[in-house]
Amino acid sequence: MATNGGNGTRATGPRCIALVGPFQSGKTTLLEAILARTGAIQRQGTMEAGNTVGDATKEARHHRMSVELTAATTNFMGDNYTFLDCPGSVEFVHDMRAVLPAIDVAVVVCEMDEKKVPQLQLILRELEDKKIPRILFVNKIDKADAGVHDVLKLLQPASRTKLILRQIPTFSGDIISGFVDLALERAFVYKEHAPSEVVPLEGDAADLEKTARFSMLETLADHDDELMEQLLEDIQPPRDKVFDDLTRELREGLVCPVLLGTATRANGVLRLMKALRHESPGIAETAKRLGVKAGTDAVAYVVKTLNTAHGGKMSVARVMSGQVGDGTTLLSGDDEAGRVAGVFKLVGQSTEKRGPAAVGETVAFAKLDRAKTGDTLSAGKQAHPALAKVEPYPPVLAIAISAKERKDDVKLGQALNKLVEEDPSITIEHNAETHEVVLWGQGEMHLRVATERLSDRFGVAIERRQPSVGYRETIRKGVVQRGRHKKQSGGHGQYGDVVLDIKPLPRGSGFSFEEKITGGVVPRNYIPAVEEGVVDALAHGPLGFPVVDLSVALIDGSYHTVDSSDMAFRLAGRLGVVEALPQCQPVLLEPIDLVEIACPTEATAKINALMSGRRGQILGFDTREGWDGWDLVRAKMPEAEIGDLIVEIRSATAGAGTFTFKFDHMAELTGRTADQIIAARRAAE
């Protein structure tokens, strides 16, 4: 059974660790180095050679980036570790956010790169808010051009928790050749793809170590009065005491330790593994953080859903209590998730059937048809309360899609369901007015990968285009118009005759219909049919769009005792409106949205310029509450200009900016832009 002792006691039981961090900081390479160092794979692959365990899907290889979660389980010094390599791109961030509740600790992989600090801040904020213990692994230190001693100065602004340097680099000339461990007070020299070697701590390195160690101890003493007293009295604290404090303060989220390394050469990997082994919390603390009820039957949390070509649906899940084996029936909320048809160990794309999964283990369960990412599964008679709820961020970019061949329409529907099951940050909207299927996602690459999956994984060739904008039209002046439908044929004829008073209404009023008939010139029973005819005509106005903000009153008419019918009056009502609207000075209306952009302060001027260039009206900006160095810019902007807005926002903010929007009002649009829209509509028809 997994246990967690108190201060300084090593947590036991299987661990689950997320590798997170900004785009292209080296997470997948670090996973590869860990798997090679722990013997899970024979040799370390590289991104260039395309032979890594992570990023092994066709889409990831093609774009040379992580586009979905990779899980890999390995063994280190007798303990079981599952690493979840999460995509760094902000467009695929939901894969990271969905796994966070279930992990013991996050390894945040980053670089000495000022441009990536805002992205790092976004990731650390997510971990801080969810109270996930975290270790910073500064990768590519062989390429760091900033003074490596400035690590804290550069990276601290990204973290609300105090960063604490665990290692300082040592140099041979200008090249980083090793490091000093400040807790162990030992110097090491890096070896290529081999464990570092202990060397004497002397000379400049010894002096630098003293200063850096004192700084580390001072930070630890902020949360330990006894240590503070020892430092004030110049007493060297015992090494065990230092490790106890490091462990406790990491687990309680009071500090974030910083380690250094270069994943391509496996430098610093063993140190990282030892820190994870000795200092990070285990399943007992994670279960407690999530509120797993003690003594309950098996409980598991689903971190990812995969639809595999051969194994069907797989639910990657961590067991939080009890044990789950082949044949276990699991509940999810009020529903039965299904019966486990096999438990599998994961190493990237390869799966290996195994025995039951014990508490703390992260495995894949086969064929849980109704289980979704983020579900809490339990084996008792009653479902366990949900352990976490991770809502995707609101989508920011849309494309309209259709199957290339009509015969694939049903297949497309099924494929879209599977796509959303694997990636809940995709939203599908069926626009009844335009008959479009609209795919909403987190950015350009996100939607590109989604459409590639539809063709590669689910075998549906699709066409993509810009979604239609919700234009409307209205009228500027009123008119009274007669509509008469008269048709004589053998037997019964058709006769309906109405007089309509049509007037404009204030913006946002919609449509109103009333009857002001006197003397029964149109019988009561035909009036609903007249209204239906009017509504039919308003669906498509003279400019080609639905007509809004007007009132129609039925003021006069006539009927025939034999030839009048509902259908005749419906056609008369329709005809009256169709003939009237071109005389009412029709005008185009475009939807205007209220937009709120979150961006690092240094990009605010660029964002303001961007808004103005897209017919946006800036309403003002404020500092973003609780976010140092960020602003919120508010503007009103035409929906037509929002199309690819996210692409430009990300480009102006080194990938960190985002926005939300909601419909505000309809506004008249005239001039060249309006003429082009109307001409395009006519051409399409």
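We now turn to the structure provided with this report. These numbers were taken from a predicted model, which means no experiment stands behind them. Position numbers for residues start from 1 in each chain and track the written sequence from start to end. It should be noted that, the model being predicted, local features are given only for residues of pLDDT at least 70 and side-chain atom pairs only at 80 or more, the latter also being counted only at that level, while totals for whole chains, interfaces and linings use all residues. Computation of side-chain values covers all heavy atoms of the structure but excludes hydrogens and water.

1. As for the overall build of the chain
- Per the convention used, a helix needs a DSSP run of H or I reaching at least four residues, while a strand needs a run of E reaching at least two, with both numbered from the N terminus. What the chain contains, in helices and strands, is 18 helices and 32 strands.
- Across its three principal axes, the chain shows a C-alpha extent of roughly 110 × 60 × 50 Å.
- For every residue, the accessible area (1.4 Å probe, protein chains only) is compared with the maximum for its type, and the residue is labelled buried under 20%, exposed over 50%, or partly exposed between those bounds. For the chain, the proportion of its 685 residues judged to be buried stands at 54%.
- Any pair of residues with heavy atoms lying within 4.5 Å of one another is described as a contacting pair. By sequence separation, contacts in the chain at least 24 residues apart represent 73% of the contacts at least 6 residues apart.
- Carbon and sulfur atoms make up 50% of the accessible area of the chain, which amounts to about 30,100 Å² in all.
- In this tally, Lys and Arg are treated as positive and Asp and Glu as negative; His is ignored, and so are the chain termini. Charge positions come from single atoms, namely NZ of Lys, CZ of Arg, CG of Asp or CD of Glu. Seen as two clouds, the 82 positive and the 95 negative side-chain charges of the chain have centres 4 Å apart. Note on areas: Shrake-Rupley, 1.4 Å probe, and residue coverage restricted to the protein chains presented here.

2. Thoughts on the pairing of strand E21 (residues 427-431)
- Pairing geometry for E21 and strand E22 (residues 436-441), over 5 bridges, is antiparallel. Pairing of His430 across the sheet is with Val437, part of E22.
- Two strands are said to pair when DSSP picks up at least two bridges between them. Hairpin geometry of E21 and E22 is characterised by an intervening segment of 4 residues between the two adjacent antiparallel strands and by a positive phi of about 55° at His435.

3. Things to note about the pattern of salt bridges
- When a carboxyl oxygen of Asp or Glu is within 4 Å of a side-chain nitrogen of Lys or Arg, the pair counts as a salt bridge. One pass over the full model with this rule turns up 53 salt bridges.
- Of the charged contacts in the structure, one is a salt bridge between Asp95 and Lys304, with a shortest N-O distance of 3.1 Å. Remark: Lys304 occurs in strand E12 (residues 299-308) and Asp95 occurs in helix H3 (residues 93-99); sequence separation between them is 209 residues.
- The class for Lys304 is buried, based on a relative accessible area of 3%.
- Each of Glu68, Glu422, Arg453 and Arg457 takes part in salt bridges that share partners, so that together they form one network.

4. With respect to empty space enclosed by the protein
- The definitions used throughout rest on a 1 Å grid laid over the protein atoms alone, on which a cavity is an enclosed set of points accommodating a 1.4 Å probe that cannot get out and a pocket is an open set flanked by protein within 12 Å on both sides along at least five of seven lines; lining residues are those having an atom within 4 Å of a point. Grid points are joined across faces, edges and corners, and a volume is the space filled by probe spheres set on the points. What the rule picks out here adds up to 2 cavities of 30 Å³ or more.
- The computed volume of the largest cavity comes to approximately 50 Å³.
- Val67, Glu68, Glu91, Phe92, His94, Asp95, Lys304, Asp423, Ser425, His446 and Arg453 are the residues that line the largest cavity.
- Elements that contribute at least two residues to the lining of the largest cavity include exactly H3 and helix H12 (444-456).
- Looking at the lining of the largest cavity, its residues break down into 2 nonpolar, 3 polar and 6 charged. For this scheme, ten residues count as nonpolar: Ala, Val, Leu, Ile, Met, Phe, Trp, Tyr, Cys and Pro. Four count as charged, namely Asp, Glu, Lys and Arg, and the remainder, Gly too, count as polar.

5. Here we look at the sheet that holds strand E10 (residues 194-199)
- Taken together, 4 strands build an open sheet; the order of strands is E7-E8-E9-E10 and the sheet is antiparallel. Two strands in the sheet have a free side with no partner beyond their single neighbour: strand E7 (167-172) and E10. Averaged over all pairs of adjacent strands, the angle between strand axes in this sheet comes to 35°, irrespective of strand direction.
- Two elements, strand E8 (residues 175-181) and strand E9 (residues 186-191), share 4 bridges in a ladder whose sense is antiparallel. When the sheet's bridge partners are listed, Val180 is paired in E9 with Ala187. Under this scheme, a helix contributes an axis fitted over its contacting stretch, all axes are lines through C-alpha atoms, and angles between N-to-C directions fall in the 0 to 180 degree range.

6. So, the sheet that holds strand E28 (residues 550-558)
- The mixed open sheet is built from 4 strands, whose spatial order is E25-E26-E28-E27. Both edges of this open sheet fall to strand E25 (479-487) and strand E27 (511-515), since each of them pairs with a single strand only. Strand-to-strand, the axes of this sheet are offset by a mean angle of 25°, without reference to chain direction.
- The sheet contact formed by strand E26 (residues 494-504) and E28 spans 8 bridges and is antiparallel. Across the sheet, the residue bridging to Pro504 is Leu550, located in E28.
- In the packing of helix H13 (residues 527-538) onto the sheet, contacts are made with E26, E27 and E28, and the angle to E27 comes to roughly 150°.
- Against the sheet, helix H14 (residues 566-580) contacts E25, E26 and E28, and its axis sits at roughly 40° relative to E26.

7. Digging into the state of the cysteines
- Disulfides are defined in this document as cysteine sulfur pairs within 2.5 Å. Counted under the stated rule, the structure contains 0 disulfides.
- Looking at Cys16, it has no disulfide partner, and the nearest cysteine sulfur is the one in Cys86, 9.1 Å off.
- On the accessibility criterion, Cys16 (0% relative accessible area) is buried.
- On the accessibility criterion, Cys86 (0% relative accessible area) is buried.

8. Comments concerning the packing of aromatic side chains
- Stacked, tilted and edge-to-face are the three classes assigned to paired rings of Phe, Tyr and Trp, where Trp is represented by its six-membered ring and a pair needs centres within 6.5 Å; plane angles under 30 degrees give stacked, over 60 edge-to-face, the rest tilted. Applying the stated criterion to the full structure yields 9 aromatic pairs.
- Residues Phe179 and Phe188 carry aromatic rings whose centres are separated by 4.9 Å and whose planes lie at 15° to one another, so their mutual orientation is stacked. The two residues Phe179 and Phe188 agree in class, both being buried.
- Taking the centre distance of 5.6 Å and the plane angle of 65° together, the rings of Tyr471 and Phe545 count as edge-to-face. One end of the pair, Tyr471, is in the loop between strand E23 (462-465) and strand E24 (472-475); the other, Phe545, is in the loop between H13 and E28, and 74 residues separate them in sequence. With respect to burial, Tyr471 and Phe545 carry one shared label: buried.
- The rings of Phe76, Tyr81 and Phe83 are connected pair by pair, giving a single aromatic cluster.
- It is Arg97 that lies over the ring of Tyr393; its NZ or CZ is 3.8 Å from the centre.
- For a lysine, the NZ atom is tested; for an arginine, the CZ atom; a charge sits over a ring if that atom is within 6 Å of the ring centre and within 35 degrees of the ring normal. When the ring centre of Phe344 is taken as reference, the NZ or CZ atom of Lys353 above it lies at 5.8 Å.

9. What to know about the nonpolar core
- Counting 74 residues, the largest nonpolar core has Leu136 and Leu155 as its most contacted members.
- Those residues in contact with Leu155 that lie beyond four places of it in its chain are Cys110, Glu111, Val117, Leu120, Leu136, Val138 and Leu163.
- Listed in part, the 33 residues of the second largest apolar core include Val396, Ile399, Leu416 and Val595. Joining through side-chain atoms within 4.5 Å is the link that ties buried Ala, Val, Leu, Ile, Met, Phe, Trp, Tyr and Cys residues into a set, and such a set is a nonpolar core.

10. What about the environment of Pro22?
- For Pro22, the location among the structural elements is in the loop between strand E1 (15-20) and helix H1 (27-37).
- Pro22 gets classed as buried once you look at its relative accessible area, which sits at 1%.
- A sequence separation of 634 residues divides Pro22 from Ala656, and the C-alpha atoms of the two residues are 9.7 Å apart.

11. With respect to unusual backbone geometry
- At Glu185, a position not held by glycine, the phi torsion is positive, near 55°.
- By secondary structure assignment, the location of Glu185 is in the loop between E8 and E9.
- Although it is not a glycine, Gln585 adopts a positive phi angle of roughly 50°.
- The topology assignment puts Gln585 in the loop between H14 and strand E29 (586-600).
- Owing to a relative accessible area of 44%, Gln585 belongs among the partly exposed residues under this scheme.

In short, the description is geometric, and any link to function would need to be established separately.
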